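Commentary on secondary and tertiary structure
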Amino acid sequence: MGSNPTQIHIAIIGAGIAGLALAAGLTKKPHLSFHIYESVPAHRDVGAGLALHANAINAMALLGPEVRRAYLDAAVSVASEEDEEIATEVILAHGEHAGEKVAELGRAKGRKSVSRADLLMGFRKLVPEERISWGKKLVGMEVGVGKGGVKLRFGDGTEARVDCVIGADGIHSVVRAYLLGEDHPATKPSNEDGWQVYRTLVPVEEARKQIDEKWTRRVPILLGPRGHVNCIPMNKGTRISAGVAVRGGALEGGGAKPLDPMLYADYTEEAQKIVRMVAKDTSASWSVGDHDHAPFYSRGCVAMMGDAAHASLPFAGNGAAQALEDAAVLDALFARVKMVAQIEAALTAYDATRRPRSQAVVDLARKFGRVYAYSEAKMHESPEKMREFFAGAAKFTNNADLKKQNDEAIKLYESSIRGRSQSCPEALA
């Protein structure tokens, strides 16, 4: 963790989008020494593509121009022209209003999509290799034992001692279990609606033989009661990630119902084509999940971020964006943390700033899923009501003032530090 005794030693648990983005910011701060501990031996090319919205891009810019550039260099334009404005097109694929567009989400010039693996590789290039240890599965933590700080225990029998722990270890987070307790009802992920995402990865040349060519360049979400259908270009436009998300498709105890294209015979033809393509190979499928709300994201010198703190269903397209917002706020706060005694104030400010907004996005993603599945107050019967809903949701997620969010967190932190120094000056001397 470094030999400079004046440095603050931070352990980041997890080398996903959240952990690497935070590390990319912290690496520019010489008063901090951080190390990432990742449980897997190497990143795998898994997960759907990401079409990041404006708030995600703005959060990366706050972390630094090099972070935003890493995303742009790894991504592929979802338009043929950089100056063309493109959005995720939400289209009804079933019922009386089939074919009607009800939303354009994430509209931006030269909008890009990226595979999770490519984005991770881009972020990794910003973090010194010696700051990441692979195959380090966290199995236990002890706070304030012996020399103080936090003692980490890993599955390989090794230990580490740090001043602060940031859990970015995903939906099955060990750090979340430590903070909330193993038996807390919000510790483990849930999938109350039984969502199953059937997904396939297809070379773009092959996809063009099976689906409408425009969907190999753009991002549609085609809605209906037995599953919503989408495509997204990834890997520099060489592959298509196509999927069908089915409410009630996951079986209790694991596994999933088979994807039967015949069940979609009353969907639009372009939706049926995508379903048939996905049904040929569903090996990239998974059961999704999210978290019920945690009562706090930090305690003392330990905090959680990203999916560890607020895993959400993928339907609002903002899970990665919320992780990046977490990273931007934590980075801004740790720029001002100059001594170990200030860590708790920084993490408390992070919790107060980020928890309400990120948990609202968890709720919003659940509602997106129900709207997509035609199960939200018969909203599908009124395209105008759907437009109003999506417009309001996009305004909340995409158009947030992230600089103001950072400033509010800093203000809370500085107010706490002033209060602590006045009541107990020797604690921060």
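So, here's what we can say about the structure. (Residues numbered from 1 in each chain as written. Predicted model: local features only at pLDDT ≥ 70, side-chain atom pairs only at ≥ 80, totals over all residues. Heavy atoms only, no water.)

**Some thoughts on the side chain of serine 298**
Applicable threshold: Under the scheme used here, helices are H or I runs from DSSP no shorter than 4 residues and strands are E runs no shorter than 2 residues, and both carry numbers assigned from the N terminus. Burial status follows relative accessibility: with a 1.4 Å probe on protein chains alone, a residue under 20% of its type maximum counts as buried, one over 50% as exposed, and anything between as partly exposed. Definition of a polar contact: a pair of N or O atoms within 3.5 Å, with one able to donate and the other able to accept a hydrogen when the atoms are protein atoms, and with sequence-neighbouring residues admitted only if both atoms are side-chain atoms. Residue contacts follow a heavy-atom distance rule, with two residues in contact if any of their heavy atoms lie within 4.5 Å.
Position of serine 298 among the secondary structure elements: in strand S18 (residues 298-299). For serine 298, a relative accessible area of 12% gives the class buried. There is a polar contact of 3.2 Å between the side chain of serine 298 and the backbone oxygen of leucine 347. Setting aside its immediate chain neighbours within four residues, serine 298 contacts Leu179, Ala303, Leu347, Thr348 and Asp351.

**Thoughts on the sheet that holds strand S9 (residues 138-143)**
Either a parallel or an antiparallel arrangement is found when strands of a sheet pair, and the pairing is made through backbone hydrogen bonds. To keep things clear, this is the line we draw: A pair of strands is labelled paired if DSSP reports no fewer than 2 bridges between them. Every angle, taken between N-to-C directions, lies between 0 and 180 degrees, and every axis is a line fitted to C-alpha atoms, over only the stretch in contact when it is a helix.
Across the sheet, which stays open at both edges, the 3 strands sit in the order S9-S10-S11 with antiparallel pairing between neighbours. The two strands at the open ends of the sheet, each matched to only one other strand, are S9 and strand S11 (159-162). The average angle at which neighbouring strand axes cross in this sheet is 20°, direction not considered. Where strand S10 (residues 150-154) meets S11, 4 bridges bridge the pair, whose relative direction is antiparallel. In the strand pairing of S11, arginine 153 is matched with glutamate 159.

**Some points on the packing of aromatic side chains**
Within a pair of aromatic rings, the relevant descriptors are the distance that separates the centres and the angle that separates the planes. For the record, the criterion: For Phe, Tyr and Trp, rings pair up if their centres lie within 6.5 Å, where Trp contributes its six-membered ring, and each pair is then called stacked (planes under 30 degrees apart), edge-to-face (over 60) or tilted (otherwise). The rule for a charge over a ring is simple: NZ of Lys or CZ of Arg within 6 Å of the ring centre, and within 35 degrees of the ring normal.
Summed over all chains, the structure comprises 10 aromatic pairs. Measuring from centroid to centroid gives 5.3 Å for phenylalanine 368 and phenylalanine 390, while their planes differ by 65°, and the two rings are edge-to-face. Within this pair, whereas phenylalanine 368 is found in helix H10 (residues 343-372), its partner phenylalanine 390 is found in helix H11 (residues 383-398), the two being separated by 22 residues in sequence. According to the relative accessible area criterion, phenylalanine 368 is buried, its value standing at 3%. Taken together, Trp195, Phe315, Phe368, Tyr372, Phe389 and Phe390 form an aromatic cluster joined through their ring pairs. A cation over a ring is seen here: arginine 131 above phenylalanine 34, with NZ or CZ 4.5 Å from the ring centre.

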